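A look at the structure
So you can see what is in the structure, the chains are spelled out below.
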Amino acid sequence: MASSTLDTARPEIGRSLVVGGSSTNYHDVGEGAPVLLVHGSGPGVTAWANWRLNMPILAEDFRVIAPDMFGFGYSDSKGRIEDKQVWVDQLAGFLDGLGIDKVSIVGNSFGGGITLAFMIAHPDRVERAVLMGPAGLNFPITPALDKVWGYEPSVEAMRESLKYLAWDHSRLTEDLIQSRYVASARPEAHEPYHATFGGADRQANVAMLASREEDIAAIAHETLILHGIADQVIPLDSTVRLATLMKRADLHLFAECGHWVQIERMASFNRMVAEFFRNGLKG
């Protein structure tokens, strides 16, 4: 059952869809072929925070749908999540609730790992995919990712976390830092985040988000993989390995860009994603 709870004072709160007794907060803008945006796992993240600069542009050509994944933002918490299948099932049930059979997907970081797992589990429900600084393979956890997942709410800790995500630190205004801190400090936001990602063995989270290499190699979908050369969170060699495994994947690297391709290279990101979803790799 879908309901609209649009709040102009709190733009991160969109509509609500209840499937199987669990509620997903989401944004739904534009018309046309459906595009699903799956956010990353930074502290205080919401679909709106992750995709606010991209949704209006992509919505000129597509129906753009951006949910808060369970345990993030204003969707239901599931406590500690130890299996990515929880999020794969959330996406499948969410699309069922919206009456959508097939989508193109953009997966950012954590969302890239979930997108890969969704493509493997439901290949008939995916048209094309974009993976951006993606999880999805097992790799030695980077110091940056370890720090981001180990975040405990404070303004200074948020400032340091965002420095790991952005190449251009001039983007990290005090207003941005404060707003992300406030979002991260809500008990209903931090408690599930810490329960899932903040444990002592954060390497296990990387493994939890990884899919089997043989399953990834069997993916037949056209895929565009994007990665910032200065990304401190997801190692470039993991993304290169992913592109090598996938037989129908193109890899594009962005100079002067960290983990925030959709923000630091916003115009290029929006243009490339729209063109790829319209025409595929041969466009």
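Everything in this summary refers to the structure shown in the same document. (Residues numbered from 1 in each chain as written. Predicted model: local features only at pLDDT ≥ 70, side-chain atom pairs only at ≥ 80, totals over all residues. Heavy atoms only, no water.)

Tallied over the full model, the rule gives 16 salt bridges. Residues Arg212 and Glu214 are paired through a salt bridge, measuring 3.3 Å at the closest nitrogen-oxygen approach. Between Arg278 and Glu275 there is a salt bridge, and its shortest N-O distance comes to 3.3 Å. Of this pair, Arg278 and Glu275 both sit in helix α13 (residues 266-279), three residues apart, roughly one helical turn. When its relative accessible area of 29% is taken as the criterion, Glu275 is described as partly exposed. By sharing partners, the salt bridges in this structure join Asp61, Glu275 and Arg278 into a single network. (Salt bridge = Lys/Arg side-chain N within 4 Å of Asp/Glu carboxyl O. Helix = DSSP H or I, 4+ residues; strand = E, 2+ residues; numbered from the N terminus. Buried < 20%, exposed > 50% of the residue type's maximum accessible area, 1.4 Å probe, protein only.)

The next subject is the nonpolar core. Most often, soluble globular proteins keep nonpolar side chains buried together rather than apart. Residues Trp87 and Met246 are the most contacted members of the largest nonpolar core, which totals 60 residues. Looking at this core, the element that brings in the most residues is helix α3 (residues 85-98), giving seven residues. Once residues lying within four places of it in the same chain are set aside, the contact partners of Trp87 are Met69, Phe70, Phe72, Ile81, Phe110, Ile114, Thr196, Phe197, Met208 and Leu209. (Core = buried A, V, L, I, M, F, W, Y, C linked by side-chain atoms within 4.5 Å. Contact = heavy atoms within 4.5 Å.)

For α3, with 14 residues, the first-to-last C-alpha span of 20 Å sits near the 20 Å given by 1.5 Å per residue. Residues Trp87, Val88, Gln90, Leu91, Ala92, Gly93, Phe94, Leu95 and Leu98 constitute the buried set of α3. Looking at the residues trailing α3, positive phi occurs at Gly99, about 75 degrees. (Expected span 1.5 Å × (residues − 1).)

Locating Ser104 in the fold gives a position in strand β6 (residues 103-108). Other than its neighbours up to four places away in sequence, Ser104 contacts Pro34, Val35, Leu36, Glu127, Arg128 and Phe277.

As for its position among the elements, Ala200 is in the loop between α8 (187-197) and α9 (203-209). You can call Ala200 exposed: its relative accessible area is 86%. Considering only alpha carbons, one finds Ala200 and Asp146, 54 residues apart in sequence, at a separation of 9.7 Å.

A complete count under the given rule lists 12 aromatic pairs for this structure. With a centroid separation of 6.2 Å and 75 degrees between ring planes, the pair formed by Phe72 and Tyr193 is classed as edge-to-face. Remark: Tyr193 occurs in helix α8 and Phe72 occurs in the loop between β5 (63-67) and α3; sequence separation between them is 121 residues. Of the two residues examined, Phe72 and Tyr193, each falls in the buried class. Taken together, the ring pairs connect Phe72, Trp87, Phe110, Trp149, Tyr193 and Phe197 into an aromatic cluster. (Phe/Tyr/Trp six-rings, centres within 6.5 Å; stacked < 30°, edge-to-face > 60°.)

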